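A look at the structure
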Amino acid sequence: MFGKISFNRKQVIDIGIDKTLETVSQEKINKAIERVLKKEASARLKVFVETCMRCGMCTNSCHHYLGHENDPTYAPAAKVKQTIWDILSKRGNVSKEDIKKYARIAFTECNLCRRCVQFCPFGIDIAYLISLVRRICCLIGVVPQYIYDQVLSHMQTTNMLWFRQDEWLDTIQWLEDELKTEIKNGKIPVGKKDAEVLYLAHGLEAKYMTGLLINMAKIMNVAKIDWTVPDTDGWDYTVKALYAQDLETIGKVIRTHYETALRLNVKRIVIGECGHAFRTAIYEGVRYLGWKEPPIPYIHGVEFFYELIRDRKIKIAKKIKEPVTIQDPCNIIRYKGMGKMLRYIVRELCENIIEMTPNDDHNYCCAAGGGMIDAGPPWKTARIEGGKVKAEQIRDTGAKIVIAPCHTCHKGIEDLNDYYKLGVHVKFLLDIIVEVMEIPEHMRA
Amino acid sequence: MEQFLKDPSIYTLARGPLVWIAFLVFFVGMFYRIWKVLTLAKKEKIIYPYLSLKYTLRSITHWIIPYASISMRRHPWFTIITFVFHICLIFTPIFLLAHIELWYESWKIRWWSLPQSIADVMTVTVILCAILLLIRRVIQSDVRFLSTKGDYFALVITVLPFITGFLAHHELLLDYKIMLLIHFISGEIMLILIPFTKLSHMFLFWLTRAHTGSEFGAVRHSRDY
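Numbers given to residues run from 1 along each chain, matching the order in which its sequence is written. Whichever chain is written first is A, and whichever ligand is written first is 1; the rest continue in order. Where local features are concerned, this predicted model is filtered to residues with pLDDT of at least 70; where side-chain atom pairs are given and counted, the filter is 80 or more; whole-chain, interface and lining totals use all residues.

This next bit is on the overall build of chain A. Note on conventions: DSSP H or I runs of at least 4 residues are helices, E runs of at least 2 residues are strands, and numbering of each starts at the N terminus. A tally of regular secondary structure across chain A gives 20 helices and 7 strands. Radius of gyration means the value over C-alpha atoms here, while the globule rule gives 2.2 Å times the residue count to the 0.38 power. A globule of 445 residues ought to have a C-alpha radius of gyration of about 22 Å, and chain A, at 22 Å, matches this closely. Its C-alpha atoms put chain A at 70 × 45 × 35 Å along the principal axes. Counting other C-beta atoms within 10 Å of its own, a residue is labelled buried from 20 upward, exposed at 12 or fewer, and partly exposed in the gap between, with every C-beta atom placed from the backbone. Split into buried and exposed, the 445 residues of chain A put 56% on the buried side.

Here, residues touch in the contact sense if the C-beta positions derived from the backbone fall within 7 Å of one another. Listed as interface residues are 38 residues of chain B and, on the opposing side, 39 residues of chain A. Elements supplying a minimum of two residues to the side of chain B that touches chain A: helix 3 (17-44), helix 4 (53-64), helix 5 (70-74), helix 9 (141-146) and helix 12 (201-219) of chain B. Top element by residues in the side of chain B that touches chain A is helix 12 of chain B. It accounts for 8 residues.

Moving on: the sheet that holds strand 7 (residues 425-427) of chain A. All names here are of chain A. Two strands pair if DSSP finds at least two bridges between them. Strand order in the open sheet made by the 3 strands is 5-6-7, with parallel pairing throughout. Only two strands of the sheet have a single neighbouring strand rather than two, namely strand 5 (324-326) and strand 7. Looking at each pair of strands side by side, their axes are set apart by 25° on average, direction ignored. Every axis in this analysis is a line fitted to C-alpha atoms, fitted for helices over the stretch in contact. Angles between the N-to-C directions lie between 0 and 180 degrees.

Turning next to the confidence of the model for chain B. You can read pLDDT as the predictor saying how much it trusts each residue, on a scale of 0 to 100. Mean pLDDT over chain B works out to 95, with 100% of the residues at or above the 70 mark. For this predicted complex, the interface score ipTM comes out at 0.94, alongside a pTM of 0.95.

With that out of the way, let us pick up the packing of helix 11 (residues 210-222) of chain A against helix 20 (residues 429-436) of chain A. For any two helices packed against each other, the geometry comes down to the angle between their axes and how far apart the axes lie. Residue and element names in this part refer to chain A. Where helix 11 contacts helix 20, the axes come no closer than 10 Å and their chain directions differ by 50°. What the angle tells us is that helix 11 and helix 20 run oblique. For the element pair helix 11 and helix 20, the recorded crossing hand is left-handed. Residues Leu 212, Asn 215, Met 216, Lys 218 and Ile 219 of helix 11 form the contact with helix 20, whose own contacting residues are Leu 430, Asp 431, Ile 433 and Val 434. Residues of the contact of helix 11 with helix 20, tallied by class, amount to 6 nonpolar, 1 polar and 2 charged. To sort the angles, those under 35 degrees are grouped as roughly parallel, those over 145 as roughly antiparallel, those from 65 to 115 as roughly perpendicular, and the leftovers as oblique. Here a crossing is called left-handed whenever its near helix is offset anticlockwise from the far helix by less than a right angle, and right-handed whenever the offset is clockwise. Under the scheme applied here, ten amino acids are nonpolar (Ala, Val, Leu, Ile, Met, Phe, Trp, Tyr, Cys and Pro), four are charged (Asp, Glu, Lys and Arg), and all others, including Gly, are polar.

Glancing now at helix 8 (residues 126-140) of chain A. Side chains of residues three or four places apart in an α-helix project in the same direction, reflecting 3.6 residues per turn. Residue and element names in this part refer to chain A. How far a helix is expected to stretch is found by multiplying one less than its residue total by 1.5 Å. Counted at 1.5 Å a residue, the expected span for helix 8 with its 15 residues is 21 Å, and the 22 Å between its end C-alpha atoms agrees. For helix 8, the buried fraction is high: 13 of the 15 residues fall into the buried class. Backbone geometry just after helix 8 places Gly 141 at a positive phi near 100°.

Let us now look at the packing of helix 6 (residues 76-95) of chain B against helix 8 (residues 116-139) of chain B. Residues and elements named next belong to chain B. Packing of helix 6 against helix 8 brings their axes to within 9 Å, and their N-to-C directions diverge by 135°. For the element pair helix 6 / helix 8, the angle class is oblique. In this structure, the crossing between helix 6 and helix 8 has a hand that is left-handed. Only Ala 119, Met 122, Thr 123, Thr 125, Val 126, Cys 129, Ala 130, Leu 132 and Leu 133 of helix 8 make contact with helix 6, whose side of the interface consists of Ile 81, Val 84, Phe 85, Cys 88, Leu 89 and Thr 92. Across the contact of helix 6 with helix 8, the residue classes break down as 12 nonpolar, 3 polar and no charged.

Our next topic: the sheet that holds strand 2 (residues 227-228) of chain A. The pairing of strands in a sheet happens through backbone hydrogen bonds and is either parallel or antiparallel. Residues and elements named next belong to chain A. Read from one edge to the other, the open sheet built from 4 strands follows the order 2-1-3-4, with strand pairing classed as parallel. Of all the strands in the sheet, the pair left with one neighbour each is strand 2 and strand 4 (298-299). With 3 bridges joining them, strand 1 (residues 197-199) and strand 3 (residues 268-270) adopt parallel strand pairing. In the sheet register, Leu 198 faces strand 3, and the bridge partner there is Ile 269.

All names here are of chain A. Looking along the chain, the bond that leaves Thr 357 and enters Pro 358 is cis, with omega of -10°. Positioned with a positive phi, Trp 162 is a non-glycine residue whose angle comes to about 55°. Mapped onto the fold, Trp 162 is located in the loop between helix 9 (145-157) and helix 10 (165-180). Judged by C-beta crowding, with 14 C-beta atoms within 10 Å, Trp 162 ranks as partly exposed. Of note in this structure, Arg 312 is not a glycine but carries a positive phi near 55°. On the basis of neighbour count, Arg 312 is assigned to the exposed category, with 9 C-beta atoms found within 10 Å.

Residues and elements named next belong to chain B. Of note, Leu 193 is situated in helix 11 (residues 176-193). With 20 C-beta atoms packed within 10 Å, Leu 193 lands in the buried category. In this structure, the C-alpha to C-alpha distance between Leu 193 and Phe 26, residues 167 residues apart in sequence, is 7.5 Å. Setting aside residues up to four positions removed in sequence, Leu 193 forms contacts with Ile 157 and Leu 199.

A word on the environment of A:Lys28. Relative to the elements of secondary structure, A:Lys28 occurs in helix 2 (residues 26-40). With 32 residues separating them in the primary sequence, A:Lys28 and A:Asn60 have C-alpha atoms 36 Å apart.

Below you can see the structure in the form of C-alpha cells.
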C-alpha cells in the first residue's frame, strides 16, 4: 500500500530522441527551457502550477492511466509532475536523461485530448502544460523521428509527405480522369478564382488514400458545389508541426492556407475529416499569427456534410442497416462542440446507432491523437495499450461499423480493431455518404 | 491594540498588533498576487480576448455546487468531504462569537453568530475532514505520488488554528492562555501564508475557472464540468 512508485517503462529506441540527444549540448537544453518557461509561457504556466492541489480528481479521466492498470505515473497530474514540475524544481538544470523521459511522457503518453481538464476542479489545462514540454523538446530537436520528418516536410513543401507542386497537379489530373469514369463530366477545378469553396485535402489523399479525394469530388459534383482545389503548395490541410509544437512552422502552414484562400478569393475553406488540422487552423495557427479568429470561415467536413444533408443538396437513397457507433474526435467535439451535428448526419445515414458511454464531449480519446500515431512504429504499443478503454467501449456497443470522422481516430481505431479483435469496420462519414447517396441517372457515366 | 500598549506582552502582541499585520499581509498579498496574474495574463495575449462572463459563471456554478460536475459525481466521497471541509473552514471563523466579540472590541461592529454548540461541531468537522484528507493523501497511490511536502504543510497550517481554538475554548491539554496564544499565532501564520502557498487556490480558483470556462464554453462550445 505504501510502496514506492516509480517510472518504469520498457525501453523503446527512437532515433529522433535517442540519437539526437547524443549530439545535443547542455547549453542548448538550458536555452530551450529558459526560452519556453521564462519568455514564451507566463500567466497560465504560473497559475496552473501553483493552483494544482494534487487532489487526483483528474487521475481516472485518463485513458492512459486506465489502460496501464491504474499505474499512478500515467495519471494526468503525474505527467505534469514528472515533466514541468521536475524542470521547475531543478531550476532548469536537467540532464539528457531527464529530457529523454520528458519527451517520452509528452509525446507518447498524452494525446492532448483535454479530457482531464474537464475533471479538474480548477480547470487546469494539463494538455497545455504538456505541450510546453513538447515545445521545449522541439527547440532542443528531440522529437520522435516520424513526427520530425513530417514537420521538416511541412517546413519545405507545406505538405506532410515531400510532395512537389507538379506532383500535386499531376495527381489531380489523373484523379479527375478516374472521377469521369463514374460521374459524367466530373470536374476537379484547380486554382479557380471566386469559387464558393476551397477544398484542402489530407496529405495522404494525394498519395495512398486517393479514394477519399475522389469521393469528395463525387459529393461536390453531385451537390453542385462551386468549388476548387489550390493550384499551388498549401493544398494539404495537415499541420504536423502541431504535434512537435513547432509554432513557427504552424504559423507558416496556416498562413499559406489562408493566403491561398484569399488569393483565390473563395468564400470559405472546407477540409475533410481531420481533427488536428481543424484545431490548428482555428486556434493554434490563427492565435500564433495574432488573429482572434480565422480571417475567412474554415469549415470542417462534419459541418460541411451537415449543411449538405440538412439543405438536401445530397439525397440519401438508402440507409445503412448494420449497427453503427460513433467515435467523437476530441479535436472537433471537445474542441469545437460538433457532437450534435455529427449525430444529425449519422441519423440521416444509418438506421441503427448505438452510442458509446461516455460520449460526445466527454468521450475517451482513440489514443492515437495528438501525434501518437505520427510518432510511428516505435510507439505503436504505447497507443495500443492506451487505447484499451476505447476498444472496450467499442466492444460494449456491439456495433459492426465505427464512424470516425477524423483521420487519426480512423487509423488509430483500425489498429485497435486488429489488436483487440473487435471485428468492426472503421469508416469515414465520406465513405458512408458516397455509399448511400443518390447519384442522379443523368450524372452517371 | 490598546491592551498591548497598556500591557505589552507576547500574549497581547499576538492578540492585537499581530492580527492586524496578518490581515494586512493577507489582503495586500492576495491583491498583489491577483494583480500580478492579471498583468501576466495580458502579456499572454490569448486570455482576455476570449473571456466571457456567461461561461465564467457557468463554469464556477458547476464547480461550487456539490455534484454539479461529472468529476464530482465520479468521486462522491471525496466531494462530500471537501465541500463540508471548505464550508466549515470558511464559515466557522467568520461567525464564531468569540471572534465577533473581538471585532466589536476594536471596531464596534457585530453580526450574527453561530450557537457555540454548532460552532464546536463545525470545528471538529474541519479537523476530522482534514484527517480524512490526510489519510487519503497517504493511502491513495496516485495522490501520494503527486503529494509534496508543501501539500502536507498546507493541510497542517490550515487545521492548526481549529485544533488550538477548540482546545483553548474547552481548556484542554494546556493552560487556557498559552493555548490561546498558540491559537492566535497559528491563525496569523495561516492568514499570512495564504497568498504565498498552495492555499492561494482560494482566490486563484476563480481566475483559472474564468479562463477555462470561457475557453470551453465561448470558444470551443463544450462543457468543462
